[in-house]
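Each chain, written out:
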Amino acid sequence: MRPVYLDNNATTRVDPAVVEAMLPFFTEQFGNPSSIHSFGASVGQSVKKARQQLQQLLGAEHDHEIIYTASGTEADNTAILSALEAMPGRDEIVTSAVEHPAVLALCQHLEKTGRAKVHYIGVDSLGRLDLEAYRAALTDKVALVTLMWANNETGTIFPIEALAELAKEVGALFHTDAVQAVGKVPIVLKGGAIDMLSLSGHKLHAPKGIGALYVKRGARFKPLLRGGHQERGRRAGTENAPGIIGLGKAAELAIAHMAEEQTRVKELRDRLENAILQRVPNCFVNGDIRERLPNTTNIAFEYVEGEAILLHLTRNGVAASSGSACTSGSLEPSHVMKAMNVPFTAAHGSIRFSFSRDNVPEDVDQVIETLPKILEKLRELSPFWAGANKGPNEFKPVYA
Ligand SMILES: *Cc1c(COP(=O)(O)O)cnc(C)c1O
């Protein structure tokens, strides 16, 4: 079976041009970028160029607004812990119920250890932030608002610039986990209200183990890692020069391919989504289809287990993902599906297909060929399917 990779929100293939850009920095160009001799200086120059490439992708004002980290998770953790330390007299965090665990797990820990009070703002059945609850939580006690730009499970996009403006009104810092947005939607940070933004290399065709935190010039910041003077004293530790240079190349490629995300990649996603809705009864799209990443669709199939669908897809060469973080072996639906109030019978059968510029029309054909048969087979085995209320599919959630 031809392998079909539709799990690009989990990680992407490193672009061959990125690999090529990195290779010299494992061999001849091995110097420490902070050294002043020629071995180091030339690597330092390449790091500088990579920083400018990333600056361009983010529409940032200065290249030194970028602090390299080892992951998106580290960038998120740094932003949150920095804000608590940098904003004396304020000990509240405002976030959402649908954030990535890189934000949620730290917030829960800070709450449990009494270091912060956390407001988890809910979402509606389309995954849209409860604006009334958000406004109500914004007071002069809030040190940080941290909200994701785009959701990793559903692709739903929050109106992040407007949300940042509101946070400014109460003097809070504003951070966004933009790991899923960077490279997929245009971003211009210069002149905006966003103080901090996290991204991760491996979600945009750069390698794993390199991320970045944008910190707006003048925004209050306290480092997480202390030691040497790397990253202007804001993140100690010898720079991951190959990773940084790979991320720079990936940023350059992302700029060149940005239009393709909104056209070719989106068209592949839409064709798959429409075909599934037409051919498979009792399914619907999770999330806000109007405000959504161009590469993601999350489809709820009623009366089946997502894990069973994935297993059968895998046997047919197709790699996708269920929303549920099943790593613990629990069959709980994901916190995102729960926050959206997706009915129990559908939350368990939700599958995410996430595309990238690597995908081709044959990938979509292969899923359309196999998926309806898989659903038919699995539902025949389901004791609930016989008595199910079978009806035509709609684009809006049936429970809304
Ligand atoms: C993948 C992801 C992260 C974590 O990034 P890593 O580099 O894997 O640590 C954080 N937030 C979101 C939304 C993600 O999709």
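Rules and cut-offs
Residues numbered from 1 in each chain as written. Predicted model: local features only at pLDDT ≥ 70, side-chain atom pairs only at ≥ 80, totals over all residues. Heavy atoms only, no water. Near = heavy atom within 4 Å. Polar contact = N/O pair within 3.5 Å; in protein donor to acceptor, adjacent residues only side chain to side chain. Areas by Shrake-Rupley, 256 points an atom, 1.4 Å probe, with all protein chains shown as cover. Helix = DSSP H or I, 4+ residues; strand = E, 2+ residues; numbered from the N terminus. Nonpolar A, V, L, I, M, F, W, Y, C, P; charged D, E, K, R; others polar. Core = buried A, V, L, I, M, F, W, Y, C linked by side-chain atoms within 4.5 Å. Buried < 20%, exposed > 50% of the residue type's maximum accessible area, 1.4 Å probe, protein only. Domains from an automatic or database assignment. Contact = heavy atoms within 4.5 Å. Pairing = 2+ DSSP bridges. Salt bridge = Lys/Arg side-chain N within 4 Å of Asp/Glu carboxyl O. UniProt positions renumbered as here; feature names shortened; annotations may be inferred. Buried area = accessible area lost by both parts, 1.4 Å probe. Patch = residues over 30% accessible without salt bridge, like charges linked within 9 Å, V, L, I, M, F, W, Y side chains within 5 Å. Axes fitted to C-alpha atoms, helices over the stretch in contact; angles between N-to-C directions. Left-handed = near helix turned anticlockwise from the far one by under 90°.

### Let's talk about the site of the ligand
Turning to step 1, where the next piece is worked out: Taken together, 13 residues surround the ligand, and among them T73, D177, Q180, S200 and K203 come closest.
Turning to step 2, where the next piece is worked out: D177 is positioned such that a nitrogen or oxygen atom in its side chain is 2.6 Å from a nitrogen atom of the ligand.
Turning to step 3, where the next piece is worked out: K203 places a side-chain nitrogen or oxygen 2.7 Å from an oxygen atom of the ligand.
Turning to step 4, where the next piece is worked out: Considered on its own, the ligand offers 380 Å² of accessible surface; in the complex 89% of this is hidden by protein.
Turning to step 5, where the next piece is worked out: Broken down by element, the residue count for the shell around the ligand peaks at 3 residues, all from helix α3 (residues 72-86).
Turning to step 6, where the next piece is worked out: Its residues placed into classes, the shell around the ligand shows 2 nonpolar, 8 polar and 3 charged.

### So, the nonpolar core
Turning to step 1, where the next piece is worked out: Counting residues in hydrophobic clusters, the biggest one holds 69 residues, and the most contacted among them are L54, L58, Y134, V145, W149, F174 and L197.
Turning to step 2, where the next piece is worked out: Among the elements that make up this core, the one with the highest residue count is helix α8 (residues 241-279) (9 residues).
Turning to step 3, where the next piece is worked out: Two domains each donate at least three residues to this core, and these are domain 1 (4-10 + 258-380) and domain 2 (16-254).
Turning to step 4, where the next piece is worked out: Those residues in contact with L58 that lie beyond four places of it in its chain are I66, V182, I187, V188, L189, L197, L199 and Y214.
Turning to step 5, where the next piece is worked out: I276, L277, V364 and V367 belong to the second largest nonpolar core, which has 29 residues in total.

### Re the environment of N32
Turning to step 1, where the next piece is worked out: Locating N32 in the fold gives a position in the loop between α1 (16-22) and α2 (38-58).
Turning to step 2, where the next piece is worked out: Taking the C-alpha atoms as reference points, N32 and E85, 53 residues apart in sequence, are found 31 Å from one another.
Turning to step 3, where the next piece is worked out: Ignoring sequence-local partners within four residues, the contact set of N32 consists of G40, T238 and E239.

### So, the sheet that holds strand β12 (residues 321-322)
Turning to step 1, where the next piece is worked out: Strand order across the open sheet formed by 4 strands is β9-β10-β13-β12, with antiparallel pairing between neighbours. Edge positions in the sheet fall to β9 (283-285) and β12, since each of these pairs with one other strand and no more.
Turning to step 2, where the next piece is worked out: Relative to strand β13 (residues 350-354), strand β10 (residues 296-301) runs antiparallel, the two being bridged by 5 bridges. Within β13, the position partnered with A300 by the bridge is S350.

### With respect to the pattern of salt bridges
Turning to step 1, where the next piece is worked out: All chains considered together, the criterion is met by 20 salt bridges.
Turning to step 2, where the next piece is worked out: Here R13 and D358 are joined by a salt bridge, their closest N and O atoms 3.2 Å apart. On the criterion of sequence distance, the pair formed by R13 in the loop between β1 (4-5) and α1 and D358 in the loop between β13 and α12 (361-381) is long-range, its members being 345 residues apart.
Turning to step 3, where the next piece is worked out: The partly exposed category is assigned to R13, whose relative accessible area is 48%.
Turning to step 4, where the next piece is worked out: Put simply, R269 and D270 hold a salt bridge, and the shortest N to O gap is 2.7 Å.
Turning to step 5, where the next piece is worked out: By relative accessible area, which is 3% here, R269 ends up buried.
Turning to step 6, where the next piece is worked out: Bridged by salt links that share partners, the residues K266, R269 and D270 form one connected network.

### Let's talk about the UniProt feature "coiled-coil region" (unreviewed entry) in the chain
Turning to step 1, where the next piece is worked out: As annotated by UniProt and renumbered to match this structure, "coiled-coil region" (unreviewed entry) occupies residues 251-278.
Turning to step 2, where the next piece is worked out: Structurally, residues 251-278 is divided into 100% helix and 0% strand, and its ends, taken at the C-alpha atoms, are 37 Å apart.

### Digging into the domain arrangement of the chain
One widely used convention gives an interface's size as the accessible area the parts lose upon coming together.
Turning to step 1, where the next piece is worked out: The domain boundaries assigned to the chain delineate domain 1 (4-10 + 258-380) and domain 2 (16-254).
Turning to step 2, where the next piece is worked out: Computed from C-alpha coordinates alone, the two centres of domain 1 and domain 2 are separated by 28 Å.
Turning to step 3, where the next piece is worked out: If you look at the interface, domain 1 gives 27 residues, while domain 2 gives 30 residues.
Turning to step 4, where the next piece is worked out: Contact with domain 2 buries area across many residues of domain 1, yet M258, L293 and R357 alone supply 26% of it, more than any other trio.
Turning to step 5, where the next piece is worked out: The interface formed by domain 1 and domain 2 contains 0 salt bridges.
Turning to step 6, where the next piece is worked out: At the junction of domain 1 and domain 2, the tally comes to 13 residue pairs in polar contact (both at pLDDT 80 or more).
Turning to step 7, where the next piece is worked out: Counting residues per element, the side of domain 1 that touches domain 2 draws most heavily on helix α10 (residues 335-339), which supplies 4 residues.

### Re unusual backbone geometry
Turning to step 1, where the next piece is worked out: Residue H205 is not a glycine yet carries a positive backbone phi of 70°.
Turning to step 2, where the next piece is worked out: Relative to the elements of secondary structure, H205 occurs in the loop between β7 (196-200) and β8 (211-215).
Turning to step 3, where the next piece is worked out: Unusually for a residue other than glycine, R232 sits at a positive phi of about 55°.
Turning to step 4, where the next piece is worked out: Summarising the element assignment, R232 is placed in helix α7 (residues 230-233).
Turning to step 5, where the next piece is worked out: Using a relative accessible area of 59% as the deciding quantity, one classes R232 as exposed.

### Observations regarding a nonpolar patch on the surface
Turning to step 1, where the next piece is worked out: A cluster of nonpolar side chains, namely V19, L23 and F26, defines an oily patch on the protein surface of about 290 Å² accessible area.
Turning to step 2, where the next piece is worked out: Locating L23 in the fold gives a position in the loop between α1 and α2.

### What about the packing of α3 against helix α4 (residues 101-112)?
Turning to step 1, where the next piece is worked out: Packing of α3 against α4 brings their axes to within 9 Å, and their N-to-C directions diverge by 35°. Seen along the crossing, α3 lies across α4 with a hand that is right-handed. Contacts between α3 and α4 involve T73, D76, N77, I80, L81 and L84 from the former and A102, V103, L106, C107 and L110 from the latter.
Turning to step 2, where the next piece is worked out: Among the residues forming the contact of α3 with α4, the class breakdown is 8 nonpolar, 2 polar and 1 charged.

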